[in-house]
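Listed below, chain by chain, are the residues.
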Amino acid sequence: MKRKKIIKILLTILVLALIIVGSIVYYQFNQPHRNVQESETDFRFTSSQIVKEYLANSKAANEKYLDDEGNSKILEIGGTIAEISEDFNNQKVVLLKSASDNAGVSCTFTPETNASVNQIKIGETITVKGVIRSGASYDKDLGMYENVIMEKCSLVSK
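Observations concerning the overall build of the chain
Inference 1: A tally of regular secondary structure across the chain gives 3 helices and 8 strands.
Inference 2: Counting from the amino terminus, the chain carries its helices and strands in the arrangement α-β-α-α-β-β-β-β-β-β-β.
Inference 3: Taken against the 2.2 N^0.38 rule, which gives 15 Å for 158 residues, the C-alpha radius of gyration of the chain at 23 Å runs more than 25% over that of a compact globule.
Inference 4: Each of the three principal axes of the chain carries a C-alpha extent, and together these read 85 × 35 × 30 Å.
Inference 5: The buried share of the chain, taken over its 158 residues, is 32%.
Inference 6: Of all intrachain contacts in the chain linking residues separated by at least 6 positions in sequence, the fraction that spans at least 24 positions is 61%.
Inference 7: Entry remark: accessible area of the chain is about 10,800 Å², with carbon and sulfur atoms responsible for 55%.

A short note on the pairing of strand β2 (residues 74-86)
Inference 1: Of the pairings in the sheet, the one linking strand β1 (residues 43-46) to β2 comprises 4 bridges and is parallel in character. Note that in β2 the partner of Arg-44 across the bridge is Glu-76.
Inference 2: Inspection of the sheet shows β2 paired to strand β5 (residues 125-134) by 7 bridges, in the antiparallel sense. Counterpart to Thr-80 in the pairing with β5 is Thr-125.
Inference 3: Where β2 and strand β3 (residues 92-96) come together, 5 bridges link them in antiparallel fashion. Following the sheet pairing, Glu-86 is matched in β3 by Lys-92.

Side note on the packing of helix α2 (residues 47-56) against helix α3 (residues 58-65)
Inference 1: Orientation of α2 relative to α3, taken along the N-to-C sense of each, is 125°, at an axis distance of 5 Å. Here α2 is positioned oblique relative to α3, judged by the angle of their axes. For the pair formed by α2 and α3, the contact residues are Ile-50, Glu-53, Tyr-54 and Ala-56 on the first element and Ser-58, Ala-61, Asn-62, Lys-64 and Tyr-65 on the second.
Inference 2: The residue inventory of the contact of α2 with α3, partitioned by class, reads 5 nonpolar, 2 polar and 2 charged.

Overview of helix α1 (residues 2-29)
Inference 1: Between the first and last C-alpha of α1 there are 41 Å, a value that for 28 residues agrees with the 40 Å anticipated at 1.5 Å per step.
Inference 2: Counting buried positions along α1 yields 0 of 28 residues, so the element is predominantly exposed.

Remarks on a nonpolar patch on the surface
Inference 1: Taken together, the side chains of Ile-6, Ile-9, Leu-10 and Ile-13 make up a nonpolar region of the molecular surface, amounting to roughly 400 Å² of accessible area.
Inference 2: Within the secondary structure, Ile-13 is located in helix α1.
Inference 3: Here Ile-13 falls in the exposed class, since its relative accessible area comes to 51%.

Comments concerning the packing of aromatic side chains
Inference 1: Going through the model one piece at a time under the given rule, you end up with 5 aromatic pairs.
Inference 2: Between the aromatic rings of Phe-43 and Phe-45, the centroid separation amounts to 6.0 Å while the plane-to-plane angle is 15°, which identifies the pairing as stacked.
Inference 3: Judged by its relative accessible area of 23%, Phe-43 falls in the partly exposed class.
Inference 4: In this structure an aromatic cluster arises from ring pairing among Phe-43, Phe-45, Tyr-54 and Tyr-65.

Regarding the nonpolar core
Soluble globular proteins: nonpolar side chains tend toward being buried together.
Inference 1: If you look at the biggest cluster of nonpolar residues, it comprises 24 residues, and the most contacted ones within it are Ile-50, Leu-96, Val-105 and Val-148.
Inference 2: Mapped by element, the contributors of at least two residues to this core are α2, α3, β2, β3, β4 (105-109), β5 and β8 (148-157).

Rules used throughout
- Residues numbered from 1 in each chain as written.
- Predicted model: local features only at pLDDT ≥ 70, side-chain atom pairs only at ≥ 80, totals over all residues.
- Heavy atoms only, no water.
- Helix = DSSP H or I, 4+ residues; strand = E, 2+ residues; numbered from the N terminus.
- Rg over C-alpha atoms; globule rule 2.2 N^0.38 Å.
- Buried < 20%, exposed > 50% of the residue type's maximum accessible area, 1.4 Å probe, protein only.
- Contact = heavy atoms within 4.5 Å.
- Areas by Shrake-Rupley, 256 points an atom, 1.4 Å probe, with all protein chains shown as cover.
- Pairing = 2+ DSSP bridges.
- Axes fitted to C-alpha atoms, helices over the stretch in contact; angles between N-to-C directions.
- Parallel < 35°, antiparallel > 145°, perpendicular 65-115°, else oblique.
- Nonpolar A, V, L, I, M, F, W, Y, C, P; charged D, E, K, R; others polar.
- Expected span 1.5 Å × (residues − 1).
- Patch = residues over 30% accessible without salt bridge, like charges linked within 9 Å, V, L, I, M, F, W, Y side chains within 5 Å.
- Salt bridge = Lys/Arg side-chain N within 4 Å of Asp/Glu carboxyl O.
- Phe/Tyr/Trp six-rings, centres within 6.5 Å; stacked < 30°, edge-to-face > 60°.
- Core = buried A, V, L, I, M, F, W, Y, C linked by side-chain atoms within 4.5 Å.

Here you go:
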């Protein structure tokens, strides 16, 4: 008799714990994403400035531009368009790089902001707003520089 009562209490506790955990996971999974385009800009740079900062000290740059959870501050990067391409998700990618720089800033646009890329051409100077996914670096094995990679980008101005 006591054993059945203990099992019943344990099963009730287990079901309640599963419901609580499931509710927390559901809440976290369905939180709204940060709207980068409508949020305030934290920093404004040229593509050359951000590349030089990452190449000089990537750890300090990451501490400056990423919070404790790894989310990027919102940046506006100005520069000259060196290349316009499209990734596997049909999202536009614009490379901002001056001729004298070793690396540039690769800006991946969102499906909502893709159309704005149709208005720009290689050689134009633009400003792009977005968040950093990774900083510039030098790969010794490949003997080449890697670009700063930004995502969730939108065109701010020409």
